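So the chains spell out like this:
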Amino acid sequence: MVALYKGGILNLDPSHPSAPDRDRFILSKGHAAPALYAVLAEHGVISHESLDTLRVIGSPLEGHPNMRRLAGVEASTGSLGQGLSIGLGHAFAGRLDGHGYRTYVMCGDGEMQEGQVWEAIMAAAHFNADNLTLIVDHNGAQQSNLLPRVIDYRPLAAKLRAFEWHVEEIDGHDMPAILRAFDSVRAVKGRPQAIVAHTVKGKGVSFVEADWAYHGKPLTASEQVRAFAELRGEPAPH
Amino acid sequence: MSASTTPFVVSPGAATRDAFGIALRDLGHSEPRIVVVDGDVANSTRTEWFGQVFPDRFFNVGIAESNMVGVAAGLAASGKIPVVSSFAAFLLCNAYDQLRMSVAFPHLNVKVVGTHAGISIGEDGPSQMAIEDFALACSLPGFTVIVPSDEAHTHAAVRAMIAHEGPVYLRLGRPKAPRIHEAGSSLEIGKAYQLRDGSDLTIVACGLMTAAALEAHDALAAKGIHARVLDFPTIRPLDVDALVRASRDTGHILVAEEHLAHGGLGSVVAMAVGSHHPCKLGYVNLGNRFAESGTPEALMETYGLTAPHVVEAAVKLVAK
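Residues numbered from 1 in each chain as written. Chains lettered and ligands numbered in written order. Predicted model: local features only at pLDDT ≥ 70, side-chain atom pairs only at ≥ 80, totals over all residues.

### Considering the interface of chain A and chain B
Tallying the contact residues gives 22 residues for chain A and 25 residues for chain B. Put simply, the parts of the chain that give the side of chain A that touches chain B at least two residues each are helix H3 (83–97) and helix H4 (115–126) of chain A. Here the element with the most residues in the side of chain A that touches chain B is H3 of chain A; it accounts for 10 residues. Partitioning the side of chain A that touches chain B into residue classes produces 9 nonpolar, 10 polar and 3 charged. (Contact = placed C-beta atoms within 7 Å. Helix = DSSP H or I, 4+ residues; strand = E, 2+ residues; numbered from the N terminus. Nonpolar A, V, L, I, M, F, W, Y, C, P; charged D, E, K, R; others polar.)

This is the structure:
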């Protein structure tokens, strides 16, 4: 998301978040809303102060993104599996209107278990929706367990290629690789593109990394202190 | 509104799905934002007629109702007026989460058109028959729910649906529908239409049951029972004023619909009447069951949805 909004990929003017020819980003894995809100604040679409109101009643920063209440949110996600279909609708509209905008949709790898995602994948390929890019946050974990222990559908990239999509497979923590992948997919004509980003949930925080039990569990106050210290590269506090 | 002494003659008009197909195609010329999303059934829903004239604005996304609704949501979010249509059973049931979260929750301007509703579709049987679609549609906050009773009202309903800002569910049937309203009639969303007046009871009906109500009116008149007949093409928002007047003027309301007992027109009428002006209530509906395969006529007879069934229920109601 940082690459999209701050890396010069997404054509989005923060002062005109509804411009008809803007690029769209849909966070289909809507439970990652806090990350989206942080990026929207960094991009100047929403205020930094509003971040403190996350999940508070009356605040537009709901637990999952609400497109009616918050500028810059393109879809009200949270029920997994729906974002890519919505993105395909935007892609169709863009083609009808002769706009050159692109639509980017980020799904989780657990979310790829939802059948609707594959309905959209089939349709996007059939309609040559080359103005549609899927990013899969392939962190190998989901709510109840590691992904291979739930439904092990790997290898994902091969499956997407079998559905006629162009696929780039990258380390999702390597920013130069992310930027190269976006440049690469934007040059693809005639087929939709997927970037399968291999990631580690909680990367950079030693006690969270790859402990799938931290899915959906907030950090305690002391855990937050330790986490920020690690992310800043400081020595561990006592 | 006709004089109460003019007998109702069943005169078949176009099926409401056919009227929809024509109305949509014609509107496509004056409203360029209309885009149709289909799921492999355009030759049944009649959206193919729009597709033949406007192929660039017609998307058949195959047998995939969930994706179909999501695509419509994306189109609406980008400023189009998407008309997403399939058999009501598949569209509402298969794609309910998508209607709820992708369309209703963000209040997107998607027009959801469900055809082949009710048991009158005939031999294809229960898997193709929507019998709970009012209940499902009315459980989507912000949706307007419309069920035109005949060809003329369907033309008007399609225009009203496209002009309306916000999500709409339009329910249509498979068989030819008896003519009730004048050609060229308008339809105002949220308004009931009084077709007959009377002081002994009010028959509130929608869809194919409106014609049955008109036939029943005549049979009841012969028995000395004078029924007001109200056609309710809008289930939501409900014309509560018409119901209050009916309760006040006639003291008995019989609600007839081609739908389960639960969650349909009868349910919403009962709640409104109970809140505003309680009176005696009766119902003609499918009850709590699926139907089966049979001819439309045999099914309506077996499952209690004919004019004689309305007469019988009306007689019982006024005797209470």
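There's more to say after this.
### So, the pairing of strand S3 (residues 132–138) of chain A
Residues and elements named next belong to chain A. The buried fraction of S3 is high, at 7 of 7 residues. Neither face of S3 is open: one carries Leu-132, Leu-134, Val-136 and His-138, the other Thr-133, Ile-135 and Asp-137, and all of them are buried. Pairing analysis gives 6 bridges linking strand S2 (residues 103–108) to S3, with the strands arranged parallel. Note that in S3 the partner of Cys-107 across the bridge is Val-136. Traced from S2 through H4 to S3, the parallel crossover comes out right-handed. Sheet topology places S3 next to strand S5 (residues 193–198); 6 bridges connect them, and they run parallel. By the bridge assignment for S5, Ile-135 is matched with Ile-195. (Buried ≥ 20, exposed ≤ 12 C-beta atoms within 10 Å, placed from the backbone. Pairing = 2+ DSSP bridges. Right-handed = clockwise from strand over helix to strand, strands pointing away.)

### Section: the domain arrangement of chain A
For chain A, the assigned domains read domain 1 (2–199) and domain 2 (207–238). Put simply, the middle of domain 1 of chain A and the middle of domain 2 of chain A, counted by C-alpha atoms, are 26 Å apart. (Domains from an automatic or database assignment.)

### Side note on the pairing of strand S2 (residues 34–38) of chain B
All names here are of chain B. Here S2 lies mainly inside the structure; 5 of its 5 residues are buried. Alternating residues of S2 divide into Ile-34, Val-36 and Asp-38 and Val-35 and Val-37, and every residue in both groups is buried. Pairing between S2 and strand S4 (residues 81–87): 5 bridges, direction parallel. Bridging across to S4, Val-35 finds its partner in Pro-82. The sheet contact formed by S2 and strand S3 (residues 58–60) spans 3 bridges and is parallel.

### Observations regarding the environment of Val-229 of chain B
In this structure, Val-229 of chain B sits in strand S11 (residues 227–231). C-alpha separation for the pair Val-229 of chain B and Gly-190 of chain B, spaced 39 residues apart in sequence, amounts to 17 Å.

### Thoughts on the nonpolar core
With 172 residues, the main nonpolar core has Ile-203, Leu-254, Val-310 and Ala-314 of chain B as its most contacted residues. Discounting chain neighbours no more than four positions away, the residues touching Ile-203 of chain B are Ala-213, Ala-216, His-217, Ala-227, Val-229, Leu-254, Ala-256, Val-310 and Ala-314 of chain B. (Core = buried A, V, L, I, M, F, W, Y, C linked by C-beta atoms within 7 Å.)

### A few points about the sheet that holds strand S1 (residues 24–27) of chain A
Residues and elements named next belong to chain A. Taken in spatial order, the 5 strands make up an open sheet running S1-S2-S3-S5-S4, and their pairing is parallel. On the outer flanks of this sheet lie S1 and strand S4 (166–171), each paired with one strand and no other. In this sheet, neighbouring strand axes are inclined to one another by 20° on average, regardless of whether the strands run parallel or antiparallel. With 6 bridges joining them, S4 and S5 adopt parallel strand pairing. Across the sheet, residue Asp-171 finds its bridge partner in S5, namely His-198. (Axes fitted to C-alpha atoms, helices over the stretch in contact; angles between N-to-C directions.)

### Focus: the domain arrangement of chain B
Residues and elements named next belong to chain B. According to the domain assignment, chain B consists of domain 1 (13–178) and domain 2 (193–319). With centres defined by C-alpha atoms, the gap from domain 1 to domain 2 works out at 25 Å. Each partner contributes to the interface: domain 1 provides 27 residues, whereas domain 2 provides 29 residues. Where the side of domain 1 that touches domain 2 is concerned, the elements lending two or more residues are helix H7 (133–138), strand S6 (144–146), helix H8 (151–163) and strand S8 (176–178).

### Quick look at the sheet that holds S4 of chain B
All names here are of chain B. Overall, mixed pairing links the 7 strands, which are arranged S3-S2-S4-S5-S7-S6-S12 in an open sheet. The open sheet has two edge strands, S3 and strand S12 (234–236), and neither has a second partner. On average, each strand axis in the sheet is tilted by 20° relative to the strand beside it, whichever way the strands run. In this sheet, strand S7 (residues 168–171) lies alongside S6 in parallel orientation, the contact comprising 3 bridges. Bridge pairing in S7 places Ile-146 opposite Leu-170.

### Quick word on the packing of H3 of chain A against H4 of chain A
All names here are of chain A. Where H3 contacts H4, the axes come no closer than 8 Å and their chain directions differ by 25°. Looking at the two axes, H3 sits roughly parallel to H4. Judged by residue contacts, Leu-84, Ser-85 and Leu-88 of H3 engage Gln-116, Val-117, Ala-120, Ala-123 and Ala-124 from H4. Of the residues that constitute the contact of H3 with H4, the class distribution is 6 nonpolar, 2 polar and no charged. (Parallel < 35°, antiparallel > 145°, perpendicular 65-115°, else oblique.)

### Some thoughts on helix H9 (residues 208–222) of chain B
Residue and element names in this part refer to chain B. With 15 residues, H9 should reach 21 Å at 1.5 Å per residue; the first-to-last C-alpha distance of 22 Å fits that figure. Contacts made by the buried residues of H9 are with S8, strand S9 (193–196), strand S10 (201–205), S11, strand S13 (252–256) and helix H13 (307–319). Gly-224 sits one or two residues past H9 and shows a positive phi near 85°. (Expected span 1.5 Å × (residues − 1).)

### Details of the confidence of the model for chain B
Mean pLDDT over chain B works out to 97, with 98% of the residues at or above the 70 mark. Prediction confidence for the complex, expressed as pTM and ipTM, is 0.96 and 0.95 respectively. (pLDDT = per-residue confidence, 0-100.)

### Quick look at the packing of helix H10 (residues 240–250) of chain B against helix H11 (residues 265–276) of chain B
Residues and elements named next belong to chain B. Running from N to C, H10 and H11 point in directions that differ by 65°, and their axes come no closer than 10 Å. Read as a crossing pair, H10 and H11 show a hand that is right-handed. Residues Val-240, Leu-243, Val-244 and Ser-247 of H10 lie in contact with H11, whose contacting residues are Val-269, Ala-272, Val-273 and His-276. Of the residues belonging to the contact of H10 with H11, the class tally is 6 nonpolar, 2 polar and no charged. (Left-handed = near helix turned anticlockwise from the far one by under 90°.)

### Things to note about unusual backbone geometry
Put simply, Arg-154 of chain A and Pro-155 of chain A share a cis peptide bond, and its omega is 10°. Of note, Pro-155 of chain A is situated in the loop between helix H5 (147–150) and helix H6 (156–162). In this structure, Pro-237 of chain B follows Arg-236 of chain B across a cis peptide bond, with omega equal to 5°. In this structure, Pro-237 of chain B sits in the loop between S12 and H10. Positive phi, close to 65°, is recorded for Arg-55 of chain A, a residue that is not glycine. Structurally, Arg-55 of chain A is set in the loop between helix H2 (33–42) and H3.

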